[in-house]
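In case you want the letters, here they are:
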Amino acid sequence: MSGSVYRPVVCPALIGRDSSLELLDRLIVQASASKGQTLLISGEAGVGKSRLLAEAKVRAVRLGFLCLQGNCFEPDRSLPHAPILDLLRKVPAARPPDDIRAHTGSVVPELIKILPEFAVSLPDVASGTALEPVPDKRRLFHALVQVFVHLAAGQPLLVAIEDLHWSDDGTLEFLLHLARCTASQPILLLLTYRAEEVEPALSHFLAEIDRERLASELRLAPLSIDEVGAMLRAIFDLHRAVRADFLDVLYDLSEGNPFFIEEIVKSLIASGDILYADVMRDRRPMAEFRIPRSVQDAVGRRVERLSQDARRALELAAVAGRRFDFALLQRMLQCHEQELLQLMKQLVGAQLVIEESAERFAFRHALTRQAIYSGLLVRERRSLHREIAQAVERTYPEPGDTTVTDLAYHYYQGGAWEKALEYSRRAGQRAQALYAPRAAIEHFTHAVEAAHQLSMGALPQLYRARGAAYETVGDFEHARVDHEAALGAARAAGDRYSEWQALLDLGMLWAARDYSRTGEYLQQSLSLAQEMDRRSALAHSLNRVGNWHVNVERPLEGLRYHREALAIVRAAGDRRGLSETLDLLGMASFVSGDLVQSTTYYQEALALFRDLDDRQGLASALATLAACGPNYTTSTVLPAVDFGEAVREGERALALARELGWRAGEAYSRLTLGLCLGPQGHYARALESAQGGLHIAQAIEHSQWVTVAHYTLGALYLDLLVLPEARRHLEQALELSQGLGSLHLTRLSTGHLASAYLLQREPGRAESVLSAALAPDTPMQTVGQRACWYARAELALAQGDPGLALRIADELIVSAAEAGTDKIVPRLRKLRGEGLAAQRRWQEADAELQAASSGAIGQSTQPLLWRIHATLGELHKAWGRRKEAAREFAAARASIERIAAEIPDECLRDRFLHAATAWLPSRPPSPARAGREGGLSVREREVAVLIARGLTNRLIASELVITEATAEVHVKRILSKLGFTSRTQVAAWVVQEGIAAAPPDPTPPTRRSS
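Okay, so let's go over this structure. What you are looking at is a predicted structure, and each value in this text was computed from that prediction instead of being measured.

What the three strands build is an open sheet, ordered β6-β8-β7; its pairing is antiparallel. For this open sheet the edge positions go to β6 (323–325) and β7 (353–355), each flanked by a neighbour on one side alone. Averaged over all adjacent pairs, the angle separating strand axes in this sheet is 30°, with direction ignored. Here three bridges tie β6 to strand β8 (residues 360–363), and the two strands are oriented antiparallel to one another. Following the sheet pairing, Phe324 is matched in β8 by Phe361.

The strands making up a sheet are joined through hydrogen bonds of the backbone, oriented either antiparallel or parallel. Taken in spatial order, the five strands make up an open sheet running β2-β3-β4-β1-β5, and their pairing is parallel. On the outer flanks of this sheet lie β2 (66–71) and β5 (216–219), each paired with one strand and no other. Across the sheet, the mean angle separating the axes of adjacent strands is 15° when strand polarity is ignored. Direction of pairing for strand β1 (residues 37–43) relative to β5: parallel, over a ladder of four bridges. Across the sheet, Ile41 pairs through a bridge with Leu218, a residue of β5. Packed on one face of the sheet, helix α10 (residues 169–181) meets β1, β3 (157–162) and β4 (187–194) and runs near 145° to β4.

To continue, consider the pairing of β4. The buried count for β4 comes to eight of eight residues, which makes it a mostly enclosed element. Here β4 shows two buried faces, one formed by Ile187, Leu189, Leu191 and Tyr193 and the other by Leu188, Leu190, Thr192 and Arg194. As defined by bridge partners, β1 adjoins β4 across seven bridges and the pair is classed as parallel. Paired with Gly43 across the two strands is Arg194, which belongs to β4. Both β3 and β4 contribute to a ladder of five bridges, which runs parallel. Note on β4: the bridge partner recorded for Leu157 is Ile187. On the question of chirality, the crossover connecting β3 to the parallel β4 by way of α10 is right-handed.

Moving on, we come to the nonpolar core. A general trend in soluble globular proteins is that nonpolar side chains are found buried together. In terms of nonpolar packing, the biggest core is built from 231 residues, with Leu232, Leu314, Phe324, Met344, Leu720 and Phe912 touching the most fellow members. For this core, the element with the most residues is helix α36 (residues 703–719), which contributes ten residues. Setting aside anything within four residues of it in sequence, one finds Phe912 in contact with Asp719, Leu720, Trp866, Ile896, Ile899, Ala900 and Ile903. With 36 residues, the next largest nonpolar core counts Leu88, Leu140, Ile161 and Phe174 among its residues.

Basis of the calculations
Residues numbered from 1 in each chain as written. Predicted model: local features only at pLDDT ≥ 70, side-chain atom pairs only at ≥ 80, totals over all residues. Heavy atoms only, no water. Pairing = 2+ DSSP bridges. Helix = DSSP H or I, 4+ residues; strand = E, 2+ residues; numbered from the N terminus. Axes fitted to C-alpha atoms, helices over the stretch in contact; angles between N-to-C directions. Contact = heavy atoms within 4.5 Å. Buried < 20%, exposed > 50% of the residue type's maximum accessible area, 1.4 Å probe, protein only. Right-handed = clockwise from strand over helix to strand, strands pointing away. Core = buried A, V, L, I, M, F, W, Y, C linked by side-chain atoms within 4.5 Å.

See the structure below:
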């Protein structure tokens, strides 16, 4: 004989209640200051009231509270003051006899009259007390209140009563009295009740509490799906995401109720469906989950109270679904409306169903319906499903979209396979059109099974449709199996067009994992399209092969394929094909480093995606358009989108991907936002976004986005100078990109990793990774190649070869300017300035760094700006210009402190501050003057004085004989250095500091007109 022992399933952490705990903390503190508080905690059964109460008690005890708790139980409604007596019984155990005497005083005799147990703890007091009849209500309430007041005199008191919905009337009267009497006492009164079980006495109590404003109320809502995921990770101690399909089904069943989640998981563990040490298994149909005993028992006790007719109505309703129509139930039961209304009142009264409208009812909870449904025999269920489907068809001879879904479900569950195939296919197509991929998967799965039951063999289009839905939710393995099944079925049937579709689908699917496999499938699809001589198919294949060339960093070849596809779709007037082609041309231009052309393509593609209502294409295009702004990937080319627009487009892409349930798209959007936000110094948002992208990418096992996530996080930590984390993420990104076969991602990761090695003073490692990724004849074309060449210039500076660094910087600057704009790339001008400074060409270096500073201000790249100020400080220090050095170091320090102030994580903030300030002298030259002048240069002080006089940029330019654009740059610099946002602040600062126009600097740099 053998048996199994299962440990209890209890979440070790309180999930999703942060705001509730903040409220409790405030009330505990207020009560400890003799500002008595009463809090009502309401919510459905199992939502977490008791767990929250337990946490409140732990927190109160830490602050020196005495905690007493009473509980109401269902049989106690006929037992006067049962929870109060329960609570008072705990007083002798909580406090020694001397304490009780000291703090309860003369009321002990009264207590003994209603609670003889006190005589055991205080025999000396009890000996002179005759057991008289219980005093009248007023005297009793006074005595009870005095107990709590006396106890609170010694230490703050928390009094908790659970499950007021089961309390007697006397208890409610006393609690109302107590709430009135504790306003000036160090007492916190916590009362919980089930919102769905409020009877007249409790309703009156709550109304009085509201009328007299005696309490706050906290209504606990079920957990969100993300919080359910967090709860499961805590239960199983997982450091990865829970499988999305498992999470969806568990959330549907539990509806976010924490108790139900724990009970369902316990049931699954007991049945062997999941193990603590195992990965979550594939999803099973909801009907196959075993209903937890606790739920089955609770529902069973309520069903026992129903009449036979009401039970029959309940069973039919359970087969109909979570929600059901009154008219359909009436048709099935063949009864009069008034008869059914009486039955529904029984079901509502038993708290099994609720009325949603005059025509529609619903089960109070999904598990309630599931418990009723699972109690029926399988044959009985099938028969009822068929009956319901036939009744629906008779009622709606021309079914609409919602009815099609109902018919698909009932005919499938009823085993009517021909009807199930027809309606499941239609329901799946409807779900796809509505961007509901998980519903589409379920319907297409039913259609595939129905086809097999009918011995129809494999249907390529069904497999293809389901594979696409699996791909949308990020389930690579199921998508691969379906697309391969579609390919096999198409080849077996001699269907060349379906074969081409399957090859293309497989190629696109493998792009997330292995570019070599991608290339094989796409080349096969291109060959087949050429053989078939179908122009639309040929354009699709050309586009996908072109995109593959871009990803393996052969963008010029990719552009050739895309332009050939463009000619085909334009000639055919194929607007959908045109939108796809423009999208891919935009990506090819982006990788090539031509962000201006990329933006042009994307603007045209976006208009088409909107016209075609292609929301997935729209989300992807918006995310890539956001990447055309200033970010870590584009730092060596000219951005075509400003920061504000980039973030807005990225946020739109993220919202749209979430709306579509497109997990890969959500990950991509989050990572793009992380890349954009970091260079502006918004590190908290950037890290949160990037870590969220990594979390999703790992959950759906999307290798490409996992790689991009590690690259993004590495770049962020590198910018923060948190080098161990930067190195770890970038090394992982490099390894993954090499396994993926993406030269584009390999070079991006290599460039940043080499920079990290240099900052850690490991030039040998930097040279090693750069040599592996960058041949001497590698062009400076793609963003990946340019990232590596930039790092190669940094290495040359570290190795004492400024000549090489300058040659690389000049070539990068010239190639960036080929986009045909007069804008500058601040990071490249900074690099050139550092090379000139290393050759002691002070004035030229100063000019380059000032240009870099102007560009950084224009792009709002604060993290780059403080580095430029620090570099200028070192330049002036080496040049012997102590005052200028002091100003630049002060400006750098101020910028660092402003950035640090926005980093909420204390440890990360301290690490950044320590590393960044280490770049500056420990005692900047002339600190008093630098501090007084805010780090402003002589010219900037002049401009500040003119601002204080109320002059516009045009008048400032006229006064100082400079261009208006130069005046604007000076104003932006002043605002940046002082940390101000308006000219008014500058004017006030000038007056406060007593700053006047300064005489010319005795050793000014060469004057420039702009």
